[in-house]
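So the chains spell out like this:
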Amino acid sequence: MINVYKIVGISIVLALAFSCQSEEESLQQDVANLSKASPVTKLLSRVSQNPTSGDNILDGTSVFRVKLPVSITLNGTSLTVSSVSDYALIENLKNVSNTDDDLVFYTFPITVVLRNYQEVVIANTTALQNLIATQDDLSELTCSALVYPISVNVYESSNQSANQTTLLSNSQLINFIFSLQNTTVFSINYPISALNTQGQTVIINSNAELKSLLEAAVTQCGSSAVSGNFEEVLTSGSWRVSYFFDDGDETNDYVGYTFTFLSNNTIQVVKNGTTSTGTWSFYEDDGVNKLDLTFENSLLQELVDDWELFDFSNNTIQLKEDDNDEYLTFSKI
């Protein structure tokens, strides 16, 4: 669990470090500090990320987009994809028959552009699969946007340094987030402006308001808006806990566990060769999709809950529990 005294100390240092701000500016600053693992930070990375979902008919993932032109083979047909308009050719080839595998084979090397706009050259299929397995597979939030510039105060506890940074673009914001260390906290200098899901400019005055805005965007245009049947995704393959937040980042408590959700509503859990079981059920409660999880292993009791299904893709499942501000993410192995 998070150390309350440590956070209070960090807040004091941040306040002292930026005491030169006017009283009015200080009142505008939300005192709630954010870390790399904070739920708000995770949401900020999605609204600022490189658009990676537009070519999913080609690469089947939102981990990256493939830089064009690229040569591929699909269902025995070779073609060069030179522009976005060629994605229609891929879709047509996939729709020709219901009996083929619809797998895209690339002529390597290829270049992909990651969520933080970085370009990476991929040499072979193994390198491509390894990249997909180690990254978040969630789409960008196109129905909301931040208005720049955004000023943030940054405190690094390892050397007790503090500074202020002004972010001018989505690229700068997501790379700032990706560069955060476990010993770094930051606070946003509110108010900031953003576009809500109706395209209206709104003023955001706190982390809570920002989280509410971005979670609404996830509901409207997140990965689940275009994903398939959730239960089919859940029962396909095995999963690991890639993120668990409960008053702090507790993801490491679940390293090494493999979760397999079976179609008979049981869960097989394996760690270090030891197997335990659990149960799952998926249902709707007052218009909210929920995933109820139980486990016999006492070490997994914090995961026992009737979780709200927040977002999902073929390789990532995001759950949340609003009452306790808890977040749980499964990533496919």
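Numbers given for residues are sequential positions, taken from 1 along each chain in its written order. Reporting in this predicted model follows two pLDDT cut-offs: at least 70 for local features of residues, and 80 or more for side-chain atom pairs to be given and counted; totals over whole chains, interfaces and linings ignore these cut-offs and use all residues. Excluded from the side-chain calculation are hydrogens and water; included are all heavy atoms of the structure.

Participant: Got a sec to walk through the side chain of Glu-321? Specific residues and values, please.
Facilitator: Labels follow the DSSP assignment, with helices taken as runs of H or I lasting at least four residues and strands as runs of E lasting at least two, numbered in each case from the N terminus. Relative to the elements of secondary structure, Glu-321 occurs in strand 19 (residues 316-321). Here's how the labels work: a residue is buried when its accessible area is under 20% of the maximum for its type, exposed when over 50%, partly exposed in between, all with a 1.4 Å probe on protein chains only. In this tally Asp and Glu are treated as negative and Lys and Arg as positive; neither His nor the chain ends contributes. Salt bridge, as used here, is a side-chain nitrogen of Lys or Arg placed within 4 Å of a carboxyl oxygen of Asp or Glu. Of the side chains with opposite charge, Lys-290 lies nearest to the buried Glu-321, which makes no salt bridge, at 6.8 Å. A distance of 3.0 Å separates the side chain of Glu-321 from the backbone nitrogen of Asn-324, its partner in a polar contact. A contact between two residues is defined here by any heavy atoms of the two lying within 4.5 Å. Ignoring any residue separated from it by four or fewer positions in sequence, one finds Glu-321 in contact with Asp-305, Trp-307 and Glu-326. By the criterion applied in these results, polar contacts are pairs of N or O atoms within 3.5 Å in which, for protein atoms, one can donate a hydrogen and the other can accept it, and in which residues neighboring in sequence qualify only through two side-chain atoms.

Participant: Lay out the confidence of the model for the protein chain in plain terms, naming residues and giving numbers.
Facilitator: Across the protein chain, pLDDT averages 91, with 91% of residues at or above 70. This stretch, residues 1-30, has a pLDDT under 50; its non-local contacts, to residues over four places away or in other chains, come to 43 contacts. Confidence of the prediction at every residue is given by pLDDT, a number between 0 and 100.

Participant: I'd like a rundown of the nonpolar core, residues and numbers included.
Facilitator: Judged by nonpolar contacts, the single largest core of 29 residues is most densely connected at Leu-44, Leu-146, Val-152, Phe-176, Phe-186, Ile-188 and Leu-210. Counting residues per element, the ones that place at least two in this core are helix 3 (39-48), strand 8 (150-156), helix 7 (170-179), strand 10 (184-188), strand 11 (192-195) and helix 8 (207-221). Those residues within four positions of Leu-210 in sequence are excluded, and the remaining contacts are Val-40, Leu-44, Leu-146, Ile-188, Tyr-190, Ile-192 and Ile-204. Residues belong to a common nonpolar core when they are buried Ala, Val, Leu, Ile, Met, Phe, Trp, Tyr or Cys residues joined through side-chain atoms within 4.5 Å. Grouped together as the second largest cluster of nonpolar side chains are 25 residues, Phe-244, Val-269, Trp-280 and Ile-317 included.

Participant: Requested: an account of the pattern of salt bridges, with residues and values cited.
Facilitator: Tallied over the entire structure, the rule returns eight salt bridges. For Asp-311, the salt bridge identified is with Arg-46, shortest N-O distance 2.8 Å. One end of the pair, Asp-311, is in strand 18 (residues 305-312); the other, Arg-46, is in helix 3, and 265 residues separate them in sequence. Each member of the pair, Asp-311 as well as Arg-46, carries the same accessibility label: buried. A salt bridge links Asp-325 to Lys-211; its shortest N-O distance comes to 3.6 Å. Here the residue Asp-325 occupies a position in the loop between strand 19 and strand 20 (326-332), and Lys-211 occupies one in helix 8, the gap between them amounting to 114 residues. Residue classification places Asp-325 among the partly exposed residues on the basis of a relative accessible area of 32%. When salt bridges that share partners are traced, they join Lys-211, Glu-215, Lys-320, Asp-322 and Asp-325 into one network.

Participant: Before we move on, can you summarise the state of the cysteines with the specific residues and values?
Facilitator: For the purposes of this analysis, a disulfide is any pair of cysteine sulfur atoms at a distance within 2.5 Å. Enumeration over the complete set of coordinates arrives at one disulfide. Each sulfur of the disulfide joining Cys-143 and Cys-221 lies 2.2 Å from the other. Between Cys-143 and Cys-221, the disulfide has an S-S torsion of -80° and is therefore left-handed. Taken as a pair, Cys-143 in the loop between helix 6 (125-133) and strand 7 (145-147) and Cys-221 in helix 8 lie far apart in primary sequence, 78 residues in all. Classification of Cys-221 by relative accessible area gives buried; the value is 15%.

Participant: Before we move on, could you go through the sheet that holds strand 4 (residues 104-106) and cite the residues and values that matter?
Facilitator: Between any two strands, at least two bridges found by DSSP are needed for them to pair. Taken together, three strands build an open sheet; the order of strands is 3-2-4 and the sheet is antiparallel. What marks the edges here is a single partner per strand, and that holds for strand 3 (77-81) and strand 4. Going across the sheet, the axis of each strand differs from the next one's by a mean of 35°, ignoring polarity. The pairing of strand 2 (residues 70-74) with strand 4 spans three bridges and is classified as antiparallel. Only C-alpha atoms enter the line fits that serve as axes; for helices the fit covers just the stretch in contact. Angles between N-to-C directions range over 0 to 180 degrees.

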